[in-house]
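These are the residues of each chain, in order.
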Number of protein chains: 2
Amino acid sequence: MPLSNRIDTAIARAVARGAAAPAPDLLGRALDYATAPGGARIRPTILTSVALACGDDAPAVTDAAAAALELVHCASLVHDDLPCFDDADTRRGKPSVHRAFSQPLAVLAGDSLIVMAFETLASLPDDHAARAMRLSRHLARRTGMPGGICAGQGWESEPRIDLSAYHKAKTGSLFVAATQMGAIAAGQDPEPWEELGARIGEAFQVADDLRDAVMDEAALGKPAGQDGLHHRPNAVTELGLAGAAQRLRDILGGAIASIPSCPGEAMLAELVNRYARKLAPLQAMVEPGE
Amino acid sequence: MPLSNRIDTAIARAVARGAAAPAPDLLGRALDYATAPGGARIRPTILTSVALACGDDAPAVTDAAAAALELVHCASLVHDDLPCFDDADTRRGKPSVHRAFSQPLAVLAGDSLIVMAFETLASLPDDHAARAMRLSRHLARRTGMPGGICAGQGWESEPRIDLSAYHKAKTGSLFVAATQMGAIAAGQDPEPWEELGARIGEAFQVADDLRDAVMDEAALGKPAGQDGLHHRPNAVTELGLAGAAQRLRDILGGAIASIPSCPGEAMLAELVNRYARKLAPLQAMVEPGE
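Residues numbered from 1 in each chain as written. Chains lettered and ligands numbered in written order. Predicted model: local features only at pLDDT ≥ 70, side-chain atom pairs only at ≥ 80, totals over all residues. Heavy atoms only, no water.

Engineer: Even after reading the chapter, I still don't get the overall build of chain A, so can you show me in this structure?
Structural biologist: Counting its secondary structure elements, chain A contains 14 helices and two strands. Dimensions along the principal axes, computed over C-alpha positions, put chain A at roughly 55 × 50 × 35 Å. Burial analysis of chain A (290 residues in total) assigns 57% to the buried set. Excluding contacts between residues fewer than 6 apart, the proportion of contacts in chain A whose partners are at least 24 apart in sequence is 69%. With the model as given, the accessible surface of chain A reaches about 11300 Å², and the carbon-plus-sulfur share is 54%. Where the 27 positive side-chain charges of chain A centre and where its 36 negative ones centre are 2 Å apart. (Helix = DSSP H or I, 4+ residues; strand = E, 2+ residues; numbered from the N terminus. Buried < 20%, exposed > 50% of the residue type's maximum accessible area, 1.4 Å probe, protein only. Contact = heavy atoms within 4.5 Å. Areas by Shrake-Rupley, 256 points an atom, 1.4 Å probe, with all protein chains shown as cover. Lys, Arg positive; Asp, Glu negative; His and termini not counted. Charge placed at Lys NZ, Arg CZ, Asp CG, Glu CD.)

So this is what it looks like as structure tokens:
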């Protein structure tokens with residue numbers, strides 16, 4: 001089955017867990033709404049690709065890891081959109097969860113998705129207990145405090161931001177989780193995979209900054225110009241449009257160079273190249289003279 | 001060391017995790033503020049007491065389980081106090097987290113505490129992997145959807161509440177988690193321990209309803225009369241003060257009767273009796289003629 005089907009199936013299975021018990025209907029619907037249809041599913045795609053590149057000897061573990069990672073990402077989108085953060089009315093081209101449901105349900109949906117992520121890993125059969133624990137530990141480290149996406153968002157409440165820690169935690173951490181959890185799911189050492197995740201995370205951040213600077217809300221599917229509005233640090237403000245586009249090319253080159261030697265090395269390089277080709281129109285927009 | 005010291009030490013160790021890395025200071029302080037000084041630590045006390053009654057053959061597992069359960073409870077208090085839920089200005093006799101810090105930091109503190117709970121379990125040594133996974137699964141089931149405290153809070157957004165599911169999920173679930181996780185931590189089957197947890201949860205709910213009806217904010221350490229204000233179902237509204245007090249006595253009797261046969265059976269019965277004696281002044285307040 002194509003990778004995107006495999007990932008969507010894993011996520012749907014995780015979210016459907018326990019649907020037989022009596023549950024509050026609106027919160028259940030908010031969970032479905034927050035998780036499907038998904039965005040590009042880029043984090044679980046990277047995770048599954050790394051697992052495949054490493055042999056994918058326990059596909060059920062890979063699927064649980066991919067679903068868990070995406071659920072945490074979806075939770076972060078739901079909470080980041082809340083009025084006390086970005087106050088975003090739209091997400092993925094439809095009303096954000098607190099606009100479609102309510103603020104209480106958005107808070108609870110985010111909480112439930114975080115719990116569901118760890119439940120998905122903990123529900124793996126006992127013979128995978130050691131890998132499941134390791135996955136859970138890595139996911140937690142990249143999600144909470146002091147170095148995960150919660151910490152990243154937390155930096156925005158500080159009077160003085162540690163920019164490197166902020167970017168690493170806010171955007172980088174779930175990409176590092178993606179590459180490292182992919183390796184763990186396939187029984188490999190996660191350490192050599194940290195750099196690839198970090199570089200993809202940086203690329204994603206710079207691409208997002210470029211999009212935020214040149215596209216409008218309709219094209220983005222979410223409010224544009226949020227960084228300027230919230231005085232958040234941004235590669236375009238720092239380097240200009242052309243400078244940011246060049247930085248993006250450099251990072252993607254570095255990402256390919258950092259791929260650890262493994263059976264699927266060439267396949268992973270092609271994945272990064274495909275991502276770079278997708279960004280080409282964006283780069284053309286900001287470098288019209290080239 | 002006394003039980004309360006053991007539990008506070010376990011919680012402090014869980015929250016201090018990774019304090020060496022660069023982290024957003026305010027969010028870190030919000031986590032400390034939300035977890036210490038604690039309330040009665042009743043859930044981890046029950047968990048540890050059940051583990052002790054079952055032999056407590058792996059104290060590090062018991063401590064991690066007790067800390068994880070209390071962290072989830074603290075997270076739920078932080079989120080429940082938010083303006084979109086109870087809008088509570090005080091908690092445990094001091095300003096609630098969103099009042100002392102901010103709404104964004106309260107949302108993030110709750111999220112981080114949930115993650116930290118699962119991280120604490122996942123950080124146990126590999127030779128405890130099977131128990132850690134099982135604990136993680138039980139904690140998740142009693143925390144998220146469809147039957148955990150998130151679901152319980154979610155029922156309050158429904159046009160029609162399933163009262164039994166609501167009470168079971170909102171208050172009962174973490175008490176069931178307490179008794180069952182105590183058994184799992186000591187390597188025992190959790191099933192026989194469900195009823196004791198459920199009954200303690202019911203007792204706690206009825207006692208809370210009584211307190212809410214007869215005490216003021218200063219004595220409670222949090223806003224009084226919240227159930228009436230939010231039109232939440234309540235044992236006092238349903239049965240009257242004396243009826244609710246009688247129900248409380250019946251439930252505690254049933255709790256003692258339900259304790260599974262184990263080496264620490266008498267010790268657990270004494271724990272429930274001690275709790276009942278603590279509630280005696282409250283019962284006297286509502287039954288002045290007896």
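Engineer: Before we go on, may I ask you to explain the environment of B:A213 in this structure?
Structural biologist: All names here are of chain B. Position of A213 among the secondary structure elements: in helix α10 (residues 194-214). Take A213: its relative accessible area is 46%, and that puts it in the partly exposed class. Residues A213 and P281, 68 residues apart in the sequence, show an inter-C-alpha distance of 14 Å. Setting aside residues up to four positions removed in sequence, A213 forms contacts with V236 and L241.

Engineer: Where do I start with the packing of aromatic side chains in this structure?
Structural biologist: The relative placement of two aromatic rings is captured by the distance of their centres and the angle of their planes. Counted by the stated rule, this structure contains five aromatic pairs over all chains. Each ring, one from B:Y33 and one from B:F101, has its centre 5.3 Å from the other, and the planes form 80 degrees; the classification is edge-to-face. Here B:Y33, found in helix α2 (residues 25-35), pairs with B:F101, found in the loop between α5 (97-100) and α6 (103-122); they are 68 residues apart in sequence, far enough to count as distant. Just above the ring of A:F204 sits the side chain of A:R43; from NZ or CZ to the centre is 5.2 Å. Residue placement shows B:K94 over the ring face of B:Y33; its charged tip is 3.9 Å from the ring centre. (Phe/Tyr/Trp six-rings, centres within 6.5 Å; stacked < 30°, edge-to-face > 60°. Lys NZ or Arg CZ within 6 Å of the ring centre and 35° of its normal.)

Engineer: Is there a simple way to explain the packing of helix α4 (residues 59-80) of chain B against α6(B) in this structure?
Structural biologist: If you want to describe how two helices pack, look at the angle between their axes and the distance between the axes. Residues and elements named next belong to chain B. At a minimum axis distance of 8 Å, the contact between α4 and α6 shows a crossing angle of 165 degrees. In this view, α4 runs roughly antiparallel relative to α6, as classed from their interaxial angle. Crossing geometry of α4 relative to α6 is assigned as left-handed. Touching A64, A65, A67, A68, L71, V72, C74, A75, V78 and H79 of α4 are A106, V107, G110, D111, L113, I114, M116, A117, T120 and L121, all from α6. Grouping the amino acids of the contact of α4 with α6 by side-chain chemistry returns 16 nonpolar, three polar and one charged. (Axes fitted to C-alpha atoms, helices over the stretch in contact; angles between N-to-C directions. Parallel < 35°, antiparallel > 145°, perpendicular 65-115°, else oblique. Left-handed = near helix turned anticlockwise from the far one by under 90°. Nonpolar A, V, L, I, M, F, W, Y, C, P; charged D, E, K, R; others polar.)

Engineer: For this particular structure, what's the right way to read the pattern of salt bridges?
Structural biologist: Pairing between side chains becomes possible if they bear opposite charge and their charged atoms approach one another. Residue and element names in this part refer to chain B. One pass over the full model with this rule turns up 26 salt bridges over all chains. As a salt-bridge pair, R131 and D57 come within 2.9 Å of each other at their nearest N and O atoms. Placement of R131 in helix α7 (residues 129-143) and of D57 in the loop between α3 (42-53) and α4 is noted, with a sequence separation of 74 residues between them. We classify D57 as exposed; its relative accessible area is 52%. (Salt bridge = Lys/Arg side-chain N within 4 Å of Asp/Glu carboxyl O.)

Engineer: Is there a simple way to explain the interface of chain B and chain A in this structure?
Structural biologist: Many analyses report the size of an interface as the accessible area lost when the parts associate. Taken together, the 54 residues of chain B in the interface contact 54 residues of chain A. Note on chain B versus chain A: buried area summed over both sides is about 4400 Å², and carbon and sulfur give 73% of it. Linking chain B with chain A are zero salt bridges, by the criterion used here. When contributions to the side of chain B that touches chain A are tallied by element, the ones reaching two or more residues are α2, α6, α7 and α8 (149-155) of chain B. Residues that form the side of chain B that touches chain A fall into these classes: 33 nonpolar, twelve polar and nine charged. (Buried area = accessible area lost by both parts, 1.4 Å probe.)

Engineer: Where do I start with the environment of B:D56 in this structure?
Structural biologist: Residue and element names in this part refer to chain B. Residue placement: D56 occurs in the loop between α3 and α4. For D56 and R211, which are 155 residues apart along the polypeptide, the C-alpha to C-alpha distance reads 34 Å. If sequence neighbours within four positions are ignored, D56 has contacts with R6, A51, T62 and A186. Within the structure, the side chain of D56 is placed 2.7 Å from the side chain of T62, a separation counted as a polar contact. (Polar contact = N/O pair within 3.5 Å; in protein donor to acceptor, adjacent residues only side chain to side chain.)

Engineer: Help me understand helix α13 (residues 235-258) of chain A in this model?
Structural biologist: Because an α-helix packs 3.6 residues into every turn, residues spaced three or four apart end up facing the same way. All names here are of chain A. Look at α13: only 22 Å from first C-alpha to last across 24 residues, short of the 34 Å you get at 1.5 Å a residue. Where α13 bends most, at L241, the angle is about 95 degrees. Buried within α13 are the following residues: A235, V236, A244, A245, L248, I251, L252, G254, A255 and S258. Looking at the buried side of α13, the elements it contacts are α10 (194-214) and α14 (265-286). Between the side-chain oxygen of the N-cap and the backbone nitrogen of V236 there are 2.7 Å, and the N-cap of α13 in question is N234. (Expected span 1.5 Å × (residues − 1). Bend = angle between axes of the 7 residues up to and from the residue.)

Engineer: How should the relation of the copies chain B and chain A be read in this particular structure?
Structural biologist: Two copies of a chain can be linked by a rotation about an axis combined with a shift along that same axis. Relative to chain A, chain B is turned by 180 degrees and slid 0.0 Å along the rotation axis, the superposed coordinates differing by an RMSD of 0.0 Å. In the structure described here, the two chain copies are related by an operation that fits a two-fold rotation axis. Across chain B, the smallest distance between a C-alpha and the rotation axis is recorded for B:A129, namely 2.8 Å. Interface overlap between copies: 100% of the residues of chain B at the interface are likewise at the interface in chain A, consistent with a symmetric, same-surface contact. (Least-squares fit on C-alpha atoms with pLDDT ≥ 70 in both.)

Engineer: Before we go on, may I ask you to explain the packing of α10(B) against helix α14 (residues 265-286) of chain B in this structure?
Structural biologist: All names here are of chain B. Put simply, α10 and α14 touch, their axes get as near as 11 Å, and they point 35 degrees apart. Here α10 runs over α14; the crossing is left-handed. Note on element contacts: α14 touches α10 through Y275, L279, L282, M285 and V286, opposite A203, F204, A207, L210, R211 and V214. Classifying every residue of the contact of α10 with α14 gives ten nonpolar, no polar and one charged.

Engineer: Which parts of the structure should I look at to understand the side chain of A:N234?
Structural biologist: All names here are of chain A. Considering the arrangement of structural elements, one finds N234 in the loop between α12 (226-229) and α13. According to the relative accessible area criterion, N234 is buried, its value standing at 8%. At 2.7 Å, the side chain of N234 forms a polar contact with the backbone nitrogen of V236.

Engineer: Even after reading the chapter, I still don't get α10(B), so can you show me in this structure?
Structural biologist: An ideal rise of 1.5 Å per residue puts 30 Å on 21 residues; α10(B) measures up with 31 Å between its terminal C-alpha atoms. Those residues of α10(B) not exposed but buried are B:L196, B:G197, B:I200, B:G201, B:A203, B:F204, B:Q205, B:V206, B:A207, B:D209, B:L210 and B:D212.

Engineer: Can you help me understand the side chain of A:Q180 in this one?
Structural biologist: Residues and elements named next belong to chain A. Relative to the helices and strands, Q180 is located in helix α9 (residues 163-185). Exposure remark for Q180: the relative accessible area of 1% places this residue in the buried category. If we skip the residues at most four places from it in the chain, Q180 touches H138, R142, P190, E191, W193 and E194.

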